[in-house]
Amino acid sequence: MRTIAVYPGSFDPPTVGHLDIIDRSSRVYSRVIVAVARNIRKNVWFTPAERMAMLRKLTRTYTNVEIDSFRGLLVDYARDKGAHVVMRGLRAISDFEYEFQMAHMNKKLASEVDTVFMMTGERYSYISSNIVKEIASFGGKIDDLVPPLVKKEVLKKIEKRRKA
Ligand code: PNS
């Protein structure tokens, strides 16, 4: 069976934890659509185009991974793409409550779409995009948290925000 999985998120910016989930999902599903959320309530640093460009570069070698963006409800987007799986990474118990609520709500909205959770690799379990931005903005090292090209973009963004 050819199963399409949508891996949605803010990816502001993509971390090594995200890449771990993309890599492992690409071995399980025939097609993985990494979907950058456009309408999020969070305070984002990167535009959807910037987030997509980083993800495209980082996933260039995968033949079954594509990068896209969406606005509106995730389940509408998944339906539109013919995807029956929404992939989410779970880092720790603290993620669970939010993910639980979202998975159930999405199931209620679209019963044909299942949320599948993948445990984030142990060494990535403490990494989040927000932590990356916070550490970097106080001058801390983010080398182990994001790929080099993302580090470059984060530092550029900090410089730009400092000047603004
Ligand atoms: O990386 P994030 O910020 O944890 O991703 C959250 C995201 C974008 C997957 C979630 O907020 C989402 O699906 N937003 C789209 C709007 C939607 O469908 N909301 C209902 C979810 S119950």
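A few points on the structure. Note on numbering: residues in each chain are counted from 1, in written sequence order. For a predicted model such as this one, the threshold for reporting local features is a pLDDT of at least 70, and the threshold for listing and counting side-chain atom pairs is 80 or more; totals across whole chains, interfaces and linings nevertheless cover every residue. Computation of side-chain values covers all heavy atoms of the structure but excludes hydrogens and water.

### Here's the deal with the side chain of threonine 59
The test is simple: Per the convention used, a helix needs a DSSP run of H or I reaching at least four residues, while a strand needs a run of E reaching at least two, with both numbered from the N terminus. Buried means the residue's accessible area, taken with a 1.4 Å probe over protein chains only, is under 20% of the maximum for its type, while exposed means over 50%, and partly exposed covers the values in between. Throughout, a residue-residue contact means that at least one pair of heavy atoms, one from each residue, lies within 4.5 Å.
Tracing the chain through its elements places threonine 59 in the loop between helix H2 (48–58) and strand S3 (65–70). In this structure threonine 59 comes out as buried when scored by relative accessible area, which is 3%. Other than its neighbours up to four places away in sequence, threonine 59 contacts Ile22, Val65 and Ile67.

### Here's the deal with the packing of H2 against helix H6 (residues 148–163)
Heads up, the rule is: Only C-alpha atoms enter the line fits that serve as axes; for helices the fit covers just the stretch in contact. Angles between N-to-C directions range over 0 to 180 degrees. Here roughly perpendicular refers to angles of 65 to 115 degrees, roughly parallel to angles under 35, roughly antiparallel to angles over 145, and oblique to all remaining angles. Note on convention: near helix rotated counterclockwise from far helix by under a right angle means a left-handed crossing. Clockwise means right-handed. Asp, Glu, Lys and Arg are counted as charged, while Ala, Val, Leu, Ile, Met, Phe, Trp, Tyr, Cys and Pro are counted as nonpolar; the rest, among them Gly, fall into the polar class.
Viewed as axis vectors pointing N to C, H2 and H6 meet at an angle of 160 degrees, and their least axial separation amounts to 10 Å. It follows from the interaxial angle that H2 and H6 lie roughly antiparallel. When the axes of H2 and H6 are compared, the crossing they make is right-handed. Between H2 and H6, the residues in contact are Glu50, Met54, Lys57 and Leu58 and Leu149, Val150, Glu153 and Lys157, respectively. A breakdown of the residues in the contact of H2 with H6 according to their chemical character gives four nonpolar, no polar and four charged.

### Points about the layout of surface pockets
Counted only if it meets this: Any residue with an atom within 4 Å of a point lines the site, the site being either a cavity, points on a 1 Å grid over the protein atoms alone where a 1.4 Å probe fits but cannot get out, or a pocket, an open set with protein on both sides within 12 Å along at least 5 of 7 lines. Grid points are joined across faces, edges and corners, and a volume is the space filled by probe spheres set on the points.
Taken as a whole, the largest pocket spans an internal volume of roughly 1,200 Å³. For the largest pocket, the lining is made up of 38 residues, of which Ser10, Lys42, Arg88, Tyr98 and Met102 are closest to its centre. Broken down by secondary-structure element, the contributors of at least two residues to the lining of the largest pocket are strand S1 (4–9), helix H1 (16–28), strand S4 (85–90), helix H4 (93–109) and helix H5 (129–137). Per-element accounting of the lining of the largest pocket gives the leading share, eight residues, to H4. Its residues placed into classes, the lining of the largest pocket shows 15 nonpolar, 15 polar and eight charged.

### Considerations on the pattern of salt bridges
Any two side chains of opposite charge can pair, so long as their charged atoms come close to each other. Under the convention used in this document: We count a salt bridge whenever a side-chain nitrogen from Lys or Arg sits within 4 Å of a carboxyl oxygen from Asp or Glu.
Taken as a whole and judged by the stated rule, the model has 15 salt bridges. Linking glutamate 66 and arginine 31 is a salt bridge whose minimum nitrogen-to-oxygen distance equals 2.7 Å. Here glutamate 66 is found in strand S3, whereas its partner arginine 31 is found in strand S2 (residues 31–37), with 35 residues between them in sequence. Looking at glutamate 66, the relative accessible area reads 29%, which means it is partly exposed. Residue glutamate 153 pairs with lysine 156 through a salt bridge whose shortest N-O separation is 3.3 Å. Here the residue glutamate 153 and the residue lysine 156 both occupy positions in helix H6, the gap between them amounting to three residues, near one helical turn. We classify glutamate 153 as partly exposed; its relative accessible area is 23%. Taking relative accessible area as the criterion, lysine 156 reaches 49% and is therefore assigned partly exposed. If you follow the salt bridges from partner to partner, you end up with Asp12, Arg51 and Lys133 in one network.

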